[in-house]
Amino acid sequence: ALVTARAFVAGKIKNTRQVLVRGAREAKDGEECTRLTRRADDLAAALRALPAAGDLDTLRGIEGEAALQYFAGLNLVLRADARAVFAMDGRSRRPPRDRMNALLSFLYAMLMNDCRSAVEAVGLDPQLGFLHAVRPGRAALALDLMEEFRPLADRLALTLVNRGQLNGDDFTEHQGGAVTLAEGGRKAVVVAWQEKKHEELAHPLLEQAVAIGLLPLLQARFLARTLRGEMESYLPFIGR
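Notes on the structure in this doc start here. Bear in mind the structure is a predicted one, so any value in this text is a computation, not a measurement. Sequence order sets the numbering: in each chain, residues are counted from 1 along the sequence as written. Totals for whole chains, interfaces and linings use all residues, but because this is a predicted model, local features are given only for residues with pLDDT of at least 70 and pairs of side-chain atoms are given and counted only at 80 or more. Only heavy atoms go into the side-chain values, all of them from the structure, while hydrogens and water stay out.

Some points on helix α3 (residues 56-74)
As a reminder of what qualifies: Helix numbers and strand numbers start at the N terminus; a helix is a DSSP run of H or I with at least 4 residues, a strand a run of E with at least 2. Expected span, for any helix, means 1.5 Å times one less than how many residues it has. Residue burial is assigned from relative accessible area. The probe radius is 1.4 Å, only protein chains are included, and a residue is buried under 20% of its type maximum, exposed over 50%, and partly exposed in between. Whether two residues are in contact is decided by their heavy atoms, any of which lying within 4.5 Å being enough. Distance and chemistry together define a polar contact, namely a pair of N or O atoms within 3.5 Å, with one atom able to donate a hydrogen and the other to accept it when in protein, and with adjacent residues in sequence counting only for side-chain atoms on both sides.
The terminal C-alpha atoms of α3, which comprises 19 residues, lie 27 Å apart, in line with the 27 Å expected from a rise of 1.5 Å per residue. Among all positions in α3, only L59, I62, E63, A66, A67, Q69, Y70, F71, G73 and L74 are buried. Where the residues of α3 are buried, they touch α1 (2-26), α2 (30-49), α5 (99-121) and α7 (150-162). Its side-chain oxygen placed 3.1 Å from the backbone nitrogen of D57, D55 serves as the N-cap of α3.

Structure below.
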């Protein structure tokens, strides 16, 4: 369980780090480039710490700290004139407390559905996970699988904001501080997600281009083969 959970975390951290590295490369402000590079270095340090994690709690602690560093830097990848509307104060859920968190939560929900379908399609029980604790009604294995794909959703969220495809009016602020996507915003995000799934990325293991929408199914197959002893270890998808 620890070895497999470590693979999920490694995939997530590597892919989130790429988001920050790309942001640093494209940053127009020197100070912001430096700050993003520092955050990326912190994630590289988290990766180096993974092999020494001797139990799941330690592993989850490394993953949690890496996530804090990542989300702290994500605002700097936003277009400067969009930050007043879309800047996030860390990750908030149930409910999201700002527009970016509302957008990410909506995208993650769609990604979760795709991962759950992929896990079930290869004959695995989505309730029995490795990294995520098993709880009644919780698709722990689907949550495990989606970790390495979260940065794909993050990149789409950044693209929608930075290109002006979403604005503040696409969200609803509720009494008590919760923020959700309005109907028009939801429709725009669903369409963008479906279009995103048709884009192709190079798969490092297959050494060929694969549609993003097929990645969860492919990785679920690799996971199933690992659990059945047909592969030595699970290899997460690492984007470029």
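Back to the text.
As for the packing of α2 against α3
The condition is simple: Note on definitions: angles span 0 to 180 degrees between N-to-C directions of axes, and those axes are lines fitted to C-alpha atoms, for helices only across the stretch in contact. Should an angle fall under 35 degrees it is taken as roughly parallel, and over 145 as roughly antiparallel, whereas 65 to 115 is taken as roughly perpendicular and any remaining angle as oblique. Residue polarity is assigned by list, with Asp, Glu, Lys and Arg as charged and Ala, Val, Leu, Ile, Met, Phe, Trp, Tyr, Cys and Pro as nonpolar; anything else, Gly included, falls into the polar class.
Closest axis-to-axis distance for the α2/α3 pair is 9 Å, and the angle between their directions is 170°. The angle between α2 and α3 places the two elements in the roughly antiparallel class. Facing L36, R39, D42, L43, A46 and A49 of α2, the residues of α3 in contact are I62, A66, Q69, Y70, A72 and G73. Within the contact of α2 with α3, the residues separate by chemical class into 8 nonpolar, 2 polar and 2 charged.

What to know about the pattern of salt bridges
Let me state the cut-off plainly: Salt bridges are identified by distance alone: a Lys or Arg side-chain nitrogen within 4 Å of an Asp or Glu carboxyl oxygen.
The full count for this structure, using the stated rule, is 12 salt bridges. The shortest N-O distance in the salt bridge between E147 and K12 comes to 3.0 Å. Residue E147 is found in the loop between α6 (140-146) and α7, and its partner K12 is found in helix α1; the two are separated by 135 residues along the sequence. Summarising the burial analysis for this pair, E147 and K12 share the class buried. Notably, a salt bridge pairs D114 with K197, separated by 3.2 Å at the nearest N-O pair.

Observations regarding the layout of surface pockets
Put simply, the rule reads: Only protein atoms enter the 1 Å grid used here, on which a cavity is any set of points holding a 1.4 Å probe that cannot leave and a pocket is any open set flanked by protein within 12 Å on both sides along at least five of seven lines; residues with an atom within 4 Å of a point are listed as lining. Grid points are joined across faces, edges and corners, and a volume is the space filled by probe spheres set on the points.
Quantified by volume, the largest pocket comes out at close to 910 Å³. As for the largest pocket, its lining consists of 25 residues, of which R93, R94, H132, E147 and R150 are closest to the centre. Sorting the residues of the lining of the largest pocket by element identifies α3, α5 and α6 as the ones contributing at least two each. Examining the composition of the lining of the largest pocket, we find that 7 residues originate from one element, α3, more than from any other. Its volume calculated, the second largest pocket comes out at about 510 Å³. In terms of lining, the second largest pocket is formed by 20 residues, of which the most central are E26, V77, L78, R79 and N162. For the lining of the second largest pocket, the secondary-structure elements that each account for two or more residues are α1, α2 and α7. Here the residues of the lining of the second largest pocket are counted per class, giving 8 nonpolar, 3 polar and 9 charged.

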